[in-house]
Amino acid sequence: MTVNFPPDFLWGAATAAYQIEGAALEDGRTPSIWDTFCRTPGKVLGGHTGDTAADHYHRRQEDVRLMAALGLGAYRFSVSWPRVQPTGRGPAARRGLDFYRALVDDLLAHGIRPVVTLYHWDLPQELETAGGWPARETALRFADYAHLVGLALGDRVELWTTLNEPWCSAFLGYASGVHAPGRTDDEAALRAAHHLNLAHGLGAQALRAVLPPAARLSVTLNPAAVRAHTPSPADLDAQRRIDALATRIFTGPMLHGAYPDDLLADTAVLTDWSFVRDGDTGVIKHPLDALGVNYYAPTVVSAATDGRPVPGGEPSPWPGATGVTFHQPPGKRTAMDWAVDPTGLHDLLMRFTHEAPGLPLLVTENGAAYDDKPDADGAVHDPERIAYLHAHLDALLRALADGADVRGYFLWSLLDNFEWAYGYSKRFGMVYVDYATQARVPKSSARWYAQLMRTGQLPPYRREG
Ligand code: GBH
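Residues numbered from 1 in each chain as written. Predicted model: local features only at pLDDT ≥ 70, side-chain atom pairs only at ≥ 80, totals over all residues. Heavy atoms only, no water.

The environment of the ligand is formed by 19 residues, the closest being Gln19, His120, Glu165, Glu419 and Trp420. Asn164 places a side-chain nitrogen or oxygen 3.0 Å from an oxygen atom of the ligand. A distance of 2.6 Å is found between an oxygen atom of the ligand and a side-chain nitrogen or oxygen belonging to Glu419. Against a free-state accessible area of 590 Å², the protein chains account for coverage of 77% of the ligand. Among the elements that make up the shell around the ligand, the one with the highest residue count is helix α8 (residues 166–174) (three residues). Taken together, the residues of the shell around the ligand break down into 11 nonpolar, five polar and three charged. (Near = heavy atom within 4 Å. Polar contact = N/O pair within 3.5 Å; in protein donor to acceptor, adjacent residues only side chain to side chain. Areas by Shrake-Rupley, 256 points an atom, 1.4 Å probe, with all protein chains shown as cover. Helix = DSSP H or I, 4+ residues; strand = E, 2+ residues; numbered from the N terminus. Nonpolar A, V, L, I, M, F, W, Y, C, P; charged D, E, K, R; others polar.)

The next thing to look at is the UniProt feature "binding site: substrate" (unreviewed entry) in the protein. In the numbering used here, UniProt assigns the feature "binding site: substrate" (unreviewed entry) to Gln19, His120, Asn164, Tyr296, Trp412, Glu419 and Trp420. Within the secondary structure, Gln19 sits in helix α1 (residues 17–20). Once residues within four sequence positions are removed from consideration, Gln19 is found in contact with Ala53, Ala54, His120, Trp412, Asn417, Phe418, Glu419 and Trp420. With respect to the helices, strands and loops of the structure, Asn164 is situated in strand β4 (residues 159–164). By relative accessible area, Asn164 is classed as buried at 1%. For Asn164, the residues in contact, after removing those within four places along its chain, are Arg76, Thr117, Tyr119, His120, Trp121, Ser169, Thr220, Asn294 and Glu365. For Asn164, the side chain forms a polar contact with the side chain of Arg76, separated by 2.8 Å. (UniProt positions renumbered as here; feature names shortened; annotations may be inferred. Contact = heavy atoms within 4.5 Å. Buried < 20%, exposed > 50% of the residue type's maximum accessible area, 1.4 Å probe, protein only.)

In structure tokens form, the structure reads like this:
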């Protein structure tokens, strides 16, 4: 059986504000937790910062023309909270909002659908200083911010996402500390996860109140495609525990209105969860019009024999999961050292197809970093990325054939950009960025993807496009 991408399938690419915009101090923007973190010695490779990044704030029109030339149907970007509401409270900064108004206008003028993410990790520093995500107040502030952006862009943006990957915000930010704000406190991380869930629910309510009825609301998760190293009961139990901490801690309240009992039991030594107040899970279970899934690589776990929580290191982003060991599956790896395994994408899409029948799915991020370099003619050939994308889109097609309601795919990323703790050392773009000149050079994967978007058919991937 051959299945093809549906004619109305949304073909897109994704970015995030702090990773591409630069202009960190312009038009009233204040520091976010990432500006602070980048200035904390030893936290970001090479001491890199997002001060300039891909300079997208100044190159907006050029970048939209590039998207149009590639034939993007949709563009997923995030709004920088400290750019549009500098202290995280109170009135909007008009010039910051004007940037996003102009971006949306440019996209629409080129026939590209804007997909807005409200929060892709750049919390205003003032809100972190006041307690950050472990504080309930931050969720209330997020709802105000959602209201303000909804008012500004609601007449022209149809598809909205509250949060990107709240797992990273909570557990890389507050447990392992490899992301901003760099705290290492398991209890705080669990509180953060709850308040991110609450922010999602309150933010969805706030958006609904100001958006036209046709607007659609979503959230983007990075659910773990988690497998047991062996089928032993102990390894299967490790799989269950990581699945709870990675995925069900969010999908429990968001889709089913309750935290999973096994999660509460597994973390009981760290917290009694009394920060969850009556009514919270009802708010979090706000009706969704789509679920965004980000997928890069699978997670393989076993019950540890040596008691190491994560390979080679601590602190761990998995509160309470001592006794779980993480394994590198064999086979190809990307420049991030992540395994290339497209079946994980198929598995996740089928999981949500069964778990949330009737809920449309979007692949809001998928892609890979490779060591891309221009050749003597200045061209950038990235056949490994084409192979990666081909294999994952093939897995998506298999999920469609198996009944998954997948409405779109967003390649991470449009441009090479600031890869968080890795600084500019990792390149995920289909468009190469020469940071010295800010020149944009579409890689061969961009031509390959353009052909796919144009034809709706997977082109062969062995030939350079
Ligand atoms: C996404 O994060 C982000 O949304 C995007 O901003 C980023 O640039 C892109 O992917 C590429 O990294 O080793 O135990 O921490 C993906 C973050 C990376 C989180 C892999 C989970 C593995 C688990 N994910 N990570 S662990």
